[in-house]
Amino acid sequence: MAPKRAPETNPQTTLRAGLPDRYLTPEDLIEMFSLPSIETLYTWRKTRVGPPAIRIGKYLRYDPAAVRTWVMNNTETAA
């Protein structure tokens, strides 16, 4: 029996595989980027470091296209 492989945690690979056709929740981003806690995501938002978010009622949501753009703009490429 083959050993289990760890799930892919590279955000670019996740984005290439396709994002859902819905706004992403903070929990989605925590899983996608393997963040240690939701506080990290809130700190990113407060300091304008992370992907842009929108507020829908009392909920924080992320547009998949904006997340994709943010990843592409903040990824270093090997020279």
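Residues numbered from 1 in each chain as written. Predicted model: local features only at pLDDT ≥ 70, side-chain atom pairs only at ≥ 80, totals over all residues. Heavy atoms only, no water.

A few words now on the overall build of the protein. Secondary structure assignment for the protein yields four helices and two strands. Along the protein, helices and strands appear, N-terminal first, in the series α-α-α-β-β-α. Evaluated residue by residue, the protein yields a buried proportion of 29% over its 79 residues. When contacts within the protein are restricted to residue pairs at least 6 apart in sequence, long-range pairs at least 24 apart make up 49% of them. Carbon and sulfur atoms provide 53% of the accessible area of the protein, an area that totals close to 6,100 Å². (Helix = DSSP H or I, 4+ residues; strand = E, 2+ residues; numbered from the N terminus. Buried < 20%, exposed > 50% of the residue type's maximum accessible area, 1.4 Å probe, protein only. Contact = heavy atoms within 4.5 Å. Areas by Shrake-Rupley, 256 points an atom, 1.4 Å probe, with all protein chains shown as cover.)

Counting residues in hydrophobic clusters, the biggest one holds 14 residues, and the most contacted among them are Leu24, Leu29, Phe33, Leu35, Leu41, Tyr62 and Val67. For this core, the secondary structure elements donating two or more residues are helix H2 (26-33), helix H3 (38-46) and helix H4 (64-73). At four residues, the largest contribution of residues to this core is made by H2. Those residues in contact with Leu29 that lie beyond four places of it in its chain are Leu24, Ser34, Leu35, Leu41, Pro51, Tyr62 and Val67. (Core = buried A, V, L, I, M, F, W, Y, C linked by side-chain atoms within 4.5 Å.)

With that settled, consider the packing of H2 against H4. A pair of packed helices is characterised by two quantities: the angle between their axes and the separation of those axes. Axis separation between H2 and H4 bottoms out at 13 Å; the angle between their running directions is 30 degrees. Comparing their axes, H4 and H2 come out roughly parallel. At the point where H2 passes H4, the crossing takes the right-handed sense. Residues Leu29, Met32 and Phe33 of H2 pack against Val67, Trp70 and Val71 of H4. Residue classes in the contact of H2 with H4 are distributed as six nonpolar, no polar and no charged. (Axes fitted to C-alpha atoms, helices over the stretch in contact; angles between N-to-C directions. Parallel < 35°, antiparallel > 145°, perpendicular 65-115°, else oblique. Left-handed = near helix turned anticlockwise from the far one by under 90°. Nonpolar A, V, L, I, M, F, W, Y, C, P; charged D, E, K, R; others polar.)

In this model, Ser34 sits at a positive phi of 55 degrees, which is unusual for a non-glycine residue. Note on Ser34: relative accessible area 43%, which makes it partly exposed.

Moving on, we come to the pattern of salt bridges. Per the stated rule, a full pass over the model turns up one salt bridge. The salt bridge involving Asp28 is made with Arg22; its shortest N-O contact spans 2.8 Å. (Salt bridge = Lys/Arg side-chain N within 4 Å of Asp/Glu carboxyl O.)

A grouping of Tyr23, Ile54 and Ile56 is seen on the molecular surface, where their side chains present a nonpolar patch of about 250 Å² in accessible area. Secondary-structure assignment places Ile54 in strand S1 (residues 54-56). (Patch = residues over 30% accessible without salt bridge, like charges linked within 9 Å, V, L, I, M, F, W, Y side chains within 5 Å.)

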